[in-house]
Structure formats: structure tokens, C-alpha cells
Amino acid sequence: MFSRLRGDFPILRARVGESPLTYLDSGATSQKPECVIDTFTEYFTQRNAAVHRGAHTLAVMATDTFEAGREAVANLVGGAPNQVVWTKNATEALNIVALGIDRASHGFGGEAAQRFAIGEGDSIVVTEMEHHANLVPWQQLAQATGAQLRWIPVTDDGELDLTDLETIVDETTKVLAFTHVSNVLGTINPVAELVARAREVGAFVVLDACQSVPHMPVDFTDLDVDFAAFSAHKALGPTGLGVLWGKAELLDALPPVLTGGSMITTVTMDSAEFMPAPQRFEAGTQPVAEVAAFATAIGYLTEVGLDRVFDHEVELGRQLLERIAQIPGIRVLGNAENRIGTVAFDVDGVHAHDVGQYLDSQGVAVRVGHHCAQPLHRRFGVTASTRASTYLYNNGEDVERFLTALAEVRPFFGLADTPAAEKAQAS
């Protein structure tokens, strides 16, 4: 089935020089099936108009398209359409929550918003494996409010070390923000255990679901998180579109941080009243074509079945891990048992950027650098790594091409097959 799906993705027919394209960078952004591309074009040729602002036929069609996309997201991740806020990416979604809490902490939003107020004596907890998008906003919130920032450490196997969870997440904790799946290690974190601890101390839970929603069945209602964020472009959809999901009563109480048109009820020269969620967070002109295309992407993923996508990627990840371990001079970062098909590694004696350039010369596209997770890389003693991330359109041939090219990296740079560390130990 999954080999057949490759034909739905036009870009996978491309070549890099003389080599066929082997795309293993879906953790950064996914490729798009033809039906998603067609929807984007069709919207502009048949339905293009501003939403919520007109009574003419095109405006009604555009608005229906826009709200149908919201319903598609709700069907994908649980909850109701009014729990789905459109943002320009997941980073903006996470910032909306952090900045909304900041505004509430400084007296904005009225009585309903005071449940979010945070200050000196309070704590915010993240993890050592967070993407910068789910770390820096909380750093900024701590600095703005005087709260303490704490973090859950990572083990050598690339899993969260929950030994001191009850000490780190305590009665002072107001926010627990963590990633569902590590964008570097592929580790799937124990959401239920973390949420249970947050509930014991009355903390809000913010979930970064960027690497889970595209790859596995996810239901935010069942997970009992308060807020969650993910992006369309990692889930076969277009760039420029993200989702903030939240419990309805919390979204209605959270102060908006982007203000202007389309999110107000009444405006005078010295005051304004805001609409309930989700519109209160959607100021200005919205990316309607992107929403239409994402709805098509969701339909595609639903038809394939995210449970089958997950099983397929886990198998590809297993092949990658087993075979990489047989190549001398390569260290995989993390060894979590519960993971998606993402593998990050360090090549002894070769910088990650050089690894990526060599692989690219063989037609293999991977990610290099710190992957917006510098603290995690420091935890593993490296400044950068190379990451191969799979998706539903990858197959065994992609794995073989990648492994063949990877085995050639150290010899290409004139390095012996035996890593320097092993040589030193032997001598």
C-alpha cells in the first residue's frame, strides 16, 4: 500500500543530479500529495474571497471552506470545532498561550483570565528535549513574571527521567509544557503520567504535538491536555498554517495577544470587547486556501489510517536503527523503545553539515544542525547531529539508499572505519 502512495507525491519523482530523490526530512516538513496541491489551486480559481465579511456567493463559499477545515481538524484530534484556532504555525500557537498567560498575569482579560495569573513563587516546567518553540516562550514568560523555570532531564537512552517528577512538578507549578514526541530523538513521551502529575498540583498542560499528530493517532480530549499545538506543513498540508487547540472554557478566558479586525464584538474610541474563541485569536485576514488544502491533507491521512502510518514508520525506524548500528563510527542519539521512525546520529570525525552535503550528493535529503534543540544536543555532548525522519511515502528502498550513502561518509573524508574513540581505547 505505502509503495503505491509514493505515486501521489509529484516531488518524489524528482532527481538530485543523477540520483533519484530519497527524502528523509519529513520531521522538518512533509511533501504534499497531488490532491493537496490541486485543492490549493482550485480554491483560488473557484472560491477565493474574504471569510466572515461578505454576503456574496464567493464569500459564503470561502467561509464554508474555512469552517469546514476547522471541523476536519476537530475530527482528526478530538474535541469540537470551536476548540480549533488557526495560527500561522505551531510556534505562534505556543506563543499565543505563553503571551496570553503573561497578559493575564499583568491584569488583562478580566476576572476569567485570573486563573492563568503567574508570578514570583510560581514555577513553569518544561523538559530538556524541547524544541526551542516550546522552550523560549516559557523562558520569556518566567523572566516577565518572576516565575521559576524548571525542567525534566533526559536519560542516556533519550527518555524523560521522571525519578524526581514530584519534586520538579510541585504545588508551585502553574504550567507543564512538553513535547509529545521529540523532534530529534523520536521518543514518544508518557503523556498520561505527566498529565496525571499536573492534575495533582493544578497545573495547566501545554502539549507540543508537531511530531505526533502527523505520524500517529492522537486525541487531545482523551489525553486531557489543556492546550496543544501542531503545524499543517508536517502533516501533508501547506506551510503558513498552524493549529492551537484548547479546552473551550480556557480559550474563552485566555486574553488575546493579536488584536484588530475580525476578533471583536464592540469597539469604541477608547475600548474594545473581544469575541469568544476561536475567533478572538484570529485577527486579520486568514489563510483560507491553506485551510482548504489542509482539510484535503487530513482527509488523505484519514483514508490511509494513522494507525497504519505509525506501524509503517516504526518498522522503517527499526531498520534504520539496526543497520546504522552496523556502520563503524556512528553514534545514535538516544535509544528509546517507544518511538516514531526518526533517528538522529553523530558521525565520528565529520561535522553534521559535511555529512548532510555528502548524503545530498547521493540524492539523500536529511536534516543537519541542532534541530532547534540546542540544550538536548548539549545533553548528548554534541553541537549538531544528522537526522533521518521517515513518513508514509518512504519505503525500504529509501532506507537502503540512505544506508549505502551513510556508510561511505567517513571513507569519503579519509577516515578509517574504526572510530577514534575505539582506537584510543585499544591502544
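S.K.: Any chance you could explain the sheet that holds strand S5 (residues 123-127) here in plain terms?
M.R.: Sheet strands pair by backbone hydrogen bonding; their relative direction is either parallel or antiparallel. Taking strand neighbours across the sheet as the criterion, the 7 strands line up as S4-S10-S9-S8-S7-S5-S6 in an open arrangement whose pairing is mixed. Here the strands that pair on one side only, and so sit at the sheet edges, are strand S4 (84-87) and strand S6 (148-152). Direction aside, neighbouring strands of the sheet carry axes that sit 20° apart on average. Inspection of the sheet shows strand S8 (residues 204-208) paired to strand S9 (residues 227-231) by 3 bridges, in the parallel sense. What sits directly across from Asp208, in S9, is Ala229.

S.K.: I would appreciate a short explanation of the pattern of salt bridges in the present structure.
M.R.: Side-chain pairs of opposite charge can arise whenever the charged atoms involved come near each other. Applying the stated criterion across every chain yields a total of 20 salt bridges. Where Arg318 meets Glu322, a salt bridge forms, and the shortest distance between an N and an O atom there is 2.9 Å. Here Arg318 and its partner Glu322 are both found in helix H12 (residues 306-324), 4 residues apart, which amounts to about one turn of the helix. Classification of Arg318 by relative accessible area gives partly exposed; the value is 36%. Overall, Glu322 belongs to the partly exposed group, its relative accessible area being 44%. Close ionic contact of Arg410 with Asp348 constitutes a salt bridge, the shortest N to O distance being 3.5 Å. With Arg410 in helix H16 (residues 409-412) and Asp348 in the loop between strand S14 (342-347) and helix H13 (352-361), this pair connects stretches of sequence that are 62 residues apart. By relative accessible area, which is 6% here, Arg410 ends up buried. Look at the salt bridges and you will find they share partners, linking Arg6, Glu397, Asp398 and Arg401 into a network.

S.K.: Would you mind showing me how to read the sheet that holds strand S13 (residues 330-332) here?
M.R.: Read from one edge to the other, the open sheet built from 4 strands follows the order S13-S14-S17-S16, with strand pairing classed as antiparallel. Taken across any chain shown, the strands that pair with only one partner, and hence form the sheet edges, are S13 and strand S16 (367-369). Recorded for the sheet is a direction-independent mean angle of 30° between the axes of neighbouring strands. Where H13 meets the sheet, it contacts S14, S16 and strand S17 (385-389), and its direction lies at approximately 160° from that of S16.

S.K.: I would appreciate a short explanation of the nonpolar core in the present structure.
M.R.: Side chains that are nonpolar tend, in soluble globular proteins, to be buried together. Phe220, Phe294 and Leu392 are the most contacted members of the largest nonpolar core, which totals 80 residues. Residue contributions to this core peak at 10 residues, all from helix H11 (residues 288-304). Ignoring sequence-local partners within four residues, the contact set of Phe220 consists of Val77, Leu207, Ala209, Val213, Val225, Ala228, Phe230 and Trp245. Residues Val126, Leu135, Phe204 and Ala277 belong to the second largest nonpolar core, which totals 34 residues.

S.K.: When you look at the packing of aromatic side chains in this model, what are you seeing that I'm missing?
M.R.: Working definition: an aromatic ring pair is given by the centre-to-centre distance plus the angle between the planes. Overall, the coordinates contain 14 aromatic pairs when judged by the stated rule. Summarising the aromatic geometry, the rings of Phe66 and Trp86 are spaced 6.2 Å apart at their centres and angled 45° between planes, so their arrangement reads as tilted. With Phe66 in helix H3 (residues 57-77) and Trp86 in strand S4, this residue pair connects regions lying 20 residues apart in the sequence. Overall, Trp86 belongs to the buried group, its relative accessible area being 2%. When the ring of Phe220 is compared with that of Phe230, the centres are 6.2 Å apart and the planes differ by 45°; the resulting orientation is tilted. Remark: Phe230 occurs in strand S9 and Phe220 occurs in helix H9 (residues 220-223); sequence separation between them is 10 residues. Phe220 gets classed as buried once you look at its relative accessible area, which sits at 0%. On the basis of relative accessible area, Phe230 is assigned to the buried category, the value being 1%. What links up through ring pairs into an aromatic cluster is the set Phe9, Tyr23, Tyr300, Tyr391 and Tyr393. Arg103 extends its terminal NZ or CZ atom over the ring of Phe108, reaching a point 4.2 Å from the ring centre.

S.K.: It is not clear to me how the state of the cysteines should be interpreted in this structure. Could you clarify?
M.R.: As used here, a disulfide is simply a covalent bond connecting the sulfur atoms of two cysteines. This structure, assessed with the given rule, holds 0 disulfides. Its sulfur unpaired, Cys210 is 11 Å from the next cysteine sulfur, which belongs to Cys372. The partly exposed category is assigned to Cys372, whose relative accessible area is 32%.

S.K.: Looking at this model, I keep getting lost on the packing of H3 against H11. Mind explaining?
M.R.: Any two packed helices are characterised by the angle at which their axes cross and by the distance between the axes. Where H3 meets H11, the axes come as close as 8 Å, and the angle between the chain directions of the two elements is 40°. When the axes of H3 and H11 are compared, the pair comes out oblique. In the packing of H3 onto H11, the handedness of the crossing is left-handed. For the pair H3 and H11, contact is made by Ala62, Thr65, Phe66, Gly69, Ala72, Val73 and Leu76 and by Val288, Val291, Ala292, Phe294, Ala295 and Ile298, respectively. Each residue belonging to the contact of H3 with H11 can be placed in one class, and the counts come to 11 nonpolar, 2 polar and no charged.

Rules of the game
Residues numbered from 1 in each chain as written. Predicted model: local features only at pLDDT ≥ 70, side-chain atom pairs only at ≥ 80, totals over all residues. Heavy atoms only, no water. Pairing = 2+ DSSP bridges. Helix = DSSP H or I, 4+ residues; strand = E, 2+ residues; numbered from the N terminus. Axes fitted to C-alpha atoms, helices over the stretch in contact; angles between N-to-C directions. Salt bridge = Lys/Arg side-chain N within 4 Å of Asp/Glu carboxyl O. Buried < 20%, exposed > 50% of the residue type's maximum accessible area, 1.4 Å probe, protein only. Contact = heavy atoms within 4.5 Å. Core = buried A, V, L, I, M, F, W, Y, C linked by side-chain atoms within 4.5 Å. Phe/Tyr/Trp six-rings, centres within 6.5 Å; stacked < 30°, edge-to-face > 60°. Lys NZ or Arg CZ within 6 Å of the ring centre and 35° of its normal. Disulfide = S-S within 2.5 Å. Parallel < 35°, antiparallel > 145°, perpendicular 65-115°, else oblique. Left-handed = near helix turned anticlockwise from the far one by under 90°. Nonpolar A, V, L, I, M, F, W, Y, C, P; charged D, E, K, R; others polar.

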